[in-house]
Amino acid sequence: MRSWKKKRITISPPLLISGSFLFLIMVGTILLKLPFATTRPISWTDALFTATSATTVTGLSVFDPGTVLTGFGELVLLVLIQCGGIGLMTFAVAILILFRKKVGLQNRIYLQESLTQNTVGGIVRLVKLILTFALTVEAVSAVLLTIYWTPEFGFKDALNFSIFHVISAFNNAGFSLFPDNMISFAGDPLVTVLISSLFIIGGIGFTVVMDVSQKKSFHRWALHTKLMVGGTLILNIVAMIVIFALEYGNPGTLGTMSLYDKLLTSYFSAVTPRTAGFNMLDYGELEDPTLLFTMLLMFIGGGSASTASGIKLTTFIVVILATVSFLRSRREPEIFGRSIRLETVIRSLAITTISVLLVVFLLFLLTVTEKTPFLPLAFEVVSAFGTVGLSMGITADLSDLGEVLLSLVMFTGRIGPLTLFFILMKPRKENYRYPYDPVFTG
């Protein structure tokens, strides 16, 4: 018993975080395979793929959840989405708090790693704030959406649709009970604003939301908060303009809409690739430049300590700032009167490099196993890595091996490429270094 306790204590945070996601995926796979979870039998591969997609809050699906899943199946999907989005460790600590149990140092360390915090100080308080905030936002949004949808669907269906889509949106999952996802609501102002607001709030990062709510002045915000808020605003505006311009005359997307609907749908399509996964346009009809631009947005993703994935917006910003700093012969990147540490720059470059290599490698494998055209397959892989869930309509046509490979992409994208690297490589600090020797680059 003592030796077991010692082993339990020595489990590294990255390993425990990855293990918690794997545990959720395995449980979800078994539950979705139960005969009363679906209206028709599904294979173990389909169950695994769907459980992975829900736990990693991706939204890719090999079947229509609204018609294949029963009420029990939808409930399983929602639990996987909620736990996968906010984090199983967060819920585990919440249970300890609920039963007035002490949260030990080891659990605080695990939470620190899970929520990407610098210290363990105040971590339990942060968990309380996150859960309170998340459940409050979801509850209020579900009420509003239920009231709005009741005249169209009736109270019972409106309540069911509202709860499902609110939880899916806040956790950036992208699962929908409607056969066409959100295409039928293109141009609907309330649905567009409410759903997009939910996945923007969920994807910007809980620490950013708390910082903004507690500090009313922009100058008092942490640098991370300034980068996330400013970067999100700029990226969303630029993306909206680009998509509006590229798809303006496309009859398969924006071409047949009014100017107002075009603007509203362009806005939604600009913010959803940041790992949300809901779509108001048929991505199989988008122009190639729009698809390529959307892939870039999906690769960047949302914020740290959020329900979003991708390399993260702050990682992208740091890489850009480091490049500008190099061109200006500055030793460290600078912004808003603050310098960014070299360790942060190296970490950002490592995340970006590993992510690119991972996406390219798994895309290569899928080009071998699948007979799908390259662009839709590349779009699918980047969508899976960013846990976005957008698709050009090829998900249901994947082979069993293709589903397994894409599940691996989703899992890696959710836990983060560096977490996987630390688990596999077991890096350690060395007390020595080798002498320098010049290497010619560029």
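Residues numbered from 1 in each chain as written. Predicted model: local features only at pLDDT ≥ 70, side-chain atom pairs only at ≥ 80, totals over all residues. Heavy atoms only, no water.

As annotated in an unreviewed UniProt entry, the chain carries the name Ktr system potassium transporter B and comes from Planococcus antarcticus DSM 14505. One UniProt comment on the chain, placed under Subcellular location (unreviewed entry), says "Cell membrane". (UniProt positions renumbered as here; feature names shortened; annotations may be inferred.)

1. Points about the overall build of the chain
Looking only at helices and strands, the chain has 19 helices and two strands in total. Sorting the 442 residues of the chain into buried and exposed places 52% on the buried side. In the chain, once contacts between residues fewer than 6 apart in sequence are set aside, the share between residues at least 24 apart is 69%. Carbon and sulfur atoms make up 67% of the accessible area of the chain, which totals about 21600 Å². (Helix = DSSP H or I, 4+ residues; strand = E, 2+ residues; numbered from the N terminus. Buried < 20%, exposed > 50% of the residue type's maximum accessible area, 1.4 Å probe, protein only. Contact = heavy atoms within 4.5 Å. Areas by Shrake-Rupley, 256 points an atom, 1.4 Å probe, with all protein chains shown as cover.)

2. Thoughts on the environment of Leu129
Structurally, the position occupied by Leu129 is in helix H8 (residues 123–153). Sequence-wise, Leu129 and Phe206 are 77 residues apart; in three dimensions their C-alpha atoms are separated by 8.9 Å.

3. Some points on a nonpolar patch on the surface
Taken together, the side chains of Phe155, Leu159 and Ile163 present a nonpolar region at the surface, about 260 Å² in accessible area. Topologically, Leu159 is positioned in helix H9 (residues 155–170). (Patch = residues over 30% accessible without salt bridge, like charges linked within 9 Å, V, L, I, M, F, W, Y side chains within 5 Å. Salt bridge = Lys/Arg side-chain N within 4 Å of Asp/Glu carboxyl O.)

4. Regarding the environment of Phe206
Along the polypeptide, Phe206 turns up in helix H11 (residues 206–214). What makes Phe206 buried here is its relative accessible area of 2%.

5. So, helix H3 (residues 44–55)
Given a rise of 1.5 Å per residue, 12 residues ought to cover 16 Å, and the 16 Å separating the end C-alpha atoms of H3 matches this to within 8%. With respect to burial, H3 is a largely interior element, 10 of its 12 residues being buried. Directly beyond the C-terminal end of H3, a positive phi value near 45° is found at Val57. (Expected span 1.5 Å × (residues − 1).)

6. Details of the packing of H9 against helix H10 (residues 189–204)
Here H9 crosses H10 at 40°, and the two axes come no closer than 7 Å. Here His165, Val166, Ala169 and Phe170 of H9 lie close against H10, whose contacting residues are Ile195, Leu198, Phe199, Ile201 and Gly202. Residue classes in the contact of H9 with H10 are distributed as seven nonpolar, two polar and no charged. (Axes fitted to C-alpha atoms, helices over the stretch in contact; angles between N-to-C directions. Nonpolar A, V, L, I, M, F, W, Y, C, P; charged D, E, K, R; others polar.)

7. Things to note about the nonpolar core
For soluble globular proteins, nonpolar side chains are generally found buried alongside one another. Ile81, Trp149, Val191, Ile195, Phe379 and Leu406 are the most contacted members of the largest nonpolar core, which totals 83 residues. Contact partners of Leu406, with chain neighbours within four places excluded, come to Phe49, Leu60, Leu366, Glu380, Val381, Ala384 and Leu398. Counting 19 residues, the second largest nonpolar core, distinct from the first, contains Ile243, Leu297, Ile300 and Val345. (Core = buried A, V, L, I, M, F, W, Y, C linked by side-chain atoms within 4.5 Å.)

8. A few points about the packing of aromatic side chains
This structure, assessed with the given rule, holds 15 aromatic pairs. Look at Phe199 and Phe268: their rings are 5.7 Å apart centre to centre, the planes differ by 75°, and that puts the pair in the edge-to-face class. With Phe199 in helix H10 and Phe268 in helix H13 (residues 259–271), the pair connects residues that are 69 residues apart, well separated along the chain. Of the two residues, Phe199 and Phe268, neither departs from the other in class, the shared state being buried. An aromatic cluster is defined as three or more aromatic residues linked by ring pairs; in this entry it consists of Trp149, Phe153, Phe161, Phe178 and Phe185. Over the aromatic face of Phe218 sits the side chain of Lys226, whose NZ or CZ is 5.3 Å from the ring centroid. Note that Lys262 overlies the ring of Tyr248, its terminal NZ or CZ placed 3.6 Å from the centroid. (Phe/Tyr/Trp six-rings, centres within 6.5 Å; stacked < 30°, edge-to-face > 60°. Lys NZ or Arg CZ within 6 Å of the ring centre and 35° of its normal.)

9. Quick word on the environment of Ala378
With respect to the helices and strands, Ala378 occurs in helix H17 (residues 374–385). For Ala378, a relative accessible area of 5% translates into the label buried. Placed 86 residues apart in sequence, Ala378 and Leu292 show a C-alpha to C-alpha distance of 9.6 Å. Sequence-distant contacts of Ala378, defined by excluding residues within four places in its chain, comprise Met295 and Leu363.

10. With respect to the pattern of salt bridges
Taken as a whole and assessed by the stated rule, the structure comprises one salt bridge. Between Glu334 and Arg330 there is a salt bridge, with the nearest N and O atoms lying 2.9 Å from each other. The partly exposed category is assigned to Glu334, whose relative accessible area is 45%. On the basis of relative accessible area, Arg330 is assigned to the partly exposed category, the value being 38%.

11. A look at the side chain of Asp188
Relative to the helices and strands, Asp188 is located in the loop between H9 and H10. One buried charged side chain, Asp188, makes no salt bridge at all; its nearest oppositely charged neighbour is Lys262, positioned 19 Å away. Polar contacts involving the side chain of Asp188 include one to the side chain of Tyr148, which spans 2.8 Å. A polar contact of 3.2 Å, which involves the side chain of Asp188, links it to the backbone nitrogen of Leu190. (Lys, Arg positive; Asp, Glu negative; His and termini not counted. Polar contact = N/O pair within 3.5 Å; in protein donor to acceptor, adjacent residues only side chain to side chain.)

12. What about unusual backbone geometry?
Positive phi outside glycine occurs at Ser329, with the angle close to 60°. Along the chain, Ser329 falls in the loop between helix H15 (313–327) and strand E1 (334–335). Backbone geometry places Thr387, a non-glycine residue, at a positive phi of 45°. Relative to the assigned elements, Thr387 resides in the loop between H17 and helix H18 (400–415).

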